[in-house]
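Take a look at the letters that make up each chain.
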Amino acid sequence: MNKKQSGIIVTLVVLIVFAGYLATKVNGPLYVNDGDFSTEKSAISLNESKTTSSYFTEAKLSRTQDDARTLQDIKTLMDDVNTPKAQKATAATQYMNISMATQNEGDIELALKALGYNEAMCSIVDDKVQILVKSTKKQLTEAELRSIKDVVMSKTKLEKIEVKIKE
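Quantities reported herein were computed from a predicted structural model and do not represent experimental measurements.

Enquirer: Pulling in residues and values, what's your account of unusual backbone geometry?
Expert: Phi at D126 is positive, roughly 55 degrees, even though this residue is not glycine. Looking at the secondary structure, you find D126 in the loop between β3 (120–125) and β4 (128–134). Residue classification places D126 among the exposed positions, given a relative accessible area of 73%. Residues other than glycine seldom take positive phi values, yet K157 does so here, at roughly 65 degrees. For K157, the location among the structural elements is in the loop between α4 (142–156) and β5 (160–166).

Enquirer: Outline the pairing of β5, supporting the account with residue identities and numerical values.
Expert: As paired elements, β4 and β5 share seven bridges and run parallel to each other. Directly across from Q130, in β5, lies its bridge partner E162. The parallel pair β4 and β5, bridged by α4, forms a crossover whose chirality is right-handed.

Enquirer: How would you explain α4 if you had to name every residue and give the values?
Expert: With 15 residues, α4 should cover 21 Å at 1.5 Å per step; its first-to-last C-alpha distance of 21 Å lies within 8% of that length. Among all positions in α4, only E144, I148, V151, V152 and T156 are buried. Along the long axis of α4, the arc covered by the buried residues comes to 105 degrees, so they all point the same way. For α4, the exposed residues lying more than 90 degrees away from the buried face are E142 and R146. Looking at the buried side of α4, the elements it contacts are α3 (85–114), β3, β4 and β5. Looking one or two residues past α4, K157 carries a phi angle of roughly 65 degrees, positive in sign.

Enquirer: Before we move on, can you summarise the packing of α3 against α4 with the specific residues and values?
Expert: Closest axis-to-axis distance for the α3/α4 pair is 10 Å, and the angle between their directions is 145 degrees. For the element pair α3 and α4, the recorded crossing hand is right-handed. Between α3 and α4, the residues in contact are N104, D107, I108, A111 and L112 and I148, V151, V152, K155 and T156, respectively. Broken down by class, the residue content of the contact of α3 with α4 amounts to six nonpolar, two polar and two charged.

Conventions adopted
Residues numbered from 1 in each chain as written. Predicted model: local features only at pLDDT ≥ 70, side-chain atom pairs only at ≥ 80, totals over all residues. Heavy atoms only, no water. Helix = DSSP H or I, 4+ residues; strand = E, 2+ residues; numbered from the N terminus. Buried < 20%, exposed > 50% of the residue type's maximum accessible area, 1.4 Å probe, protein only. Pairing = 2+ DSSP bridges. Right-handed = clockwise from strand over helix to strand, strands pointing away. Expected span 1.5 Å × (residues − 1). Arc of directions from axis to C-beta. Contact = heavy atoms within 4.5 Å. Axes fitted to C-alpha atoms, helices over the stretch in contact; angles between N-to-C directions. Left-handed = near helix turned anticlockwise from the far one by under 90°. Nonpolar A, V, L, I, M, F, W, Y, C, P; charged D, E, K, R; others polar.

Right, dumping it as structure tokens:
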């Protein structure tokens, strides 16, 4: 490598570091905490006064990262040669359940968007479904609740459904 190539590489590294510094200054730092979306604070907060859309985006991002981390841990356990067969079978079942729940959550969120809820989040844990929708109303009508529950039951066949509103 000659001097010219070294100079170009150093310049590019400095530019990348500078771009990262500027991005941090413009966007602010990210603070991550492990919380579920049912609490009133978002899982990732850029600052305290966030819009509802940001809340949904950040909560979905956090959920996706948690699911990916969990699936990777299970996959590592399944691929380990020292893991007993019974434990591998249990891990495979867990992997399938989490994958199906993730798929169903996405399907439900898309179906709710089609019903007119611009922002909706679904969380499936064991045999319980939590739905969080953005609404200007304090309370949904019976027809709206029934349509949300119909969507959830058509996708998951689960009957424990909790619907919450985020203004």
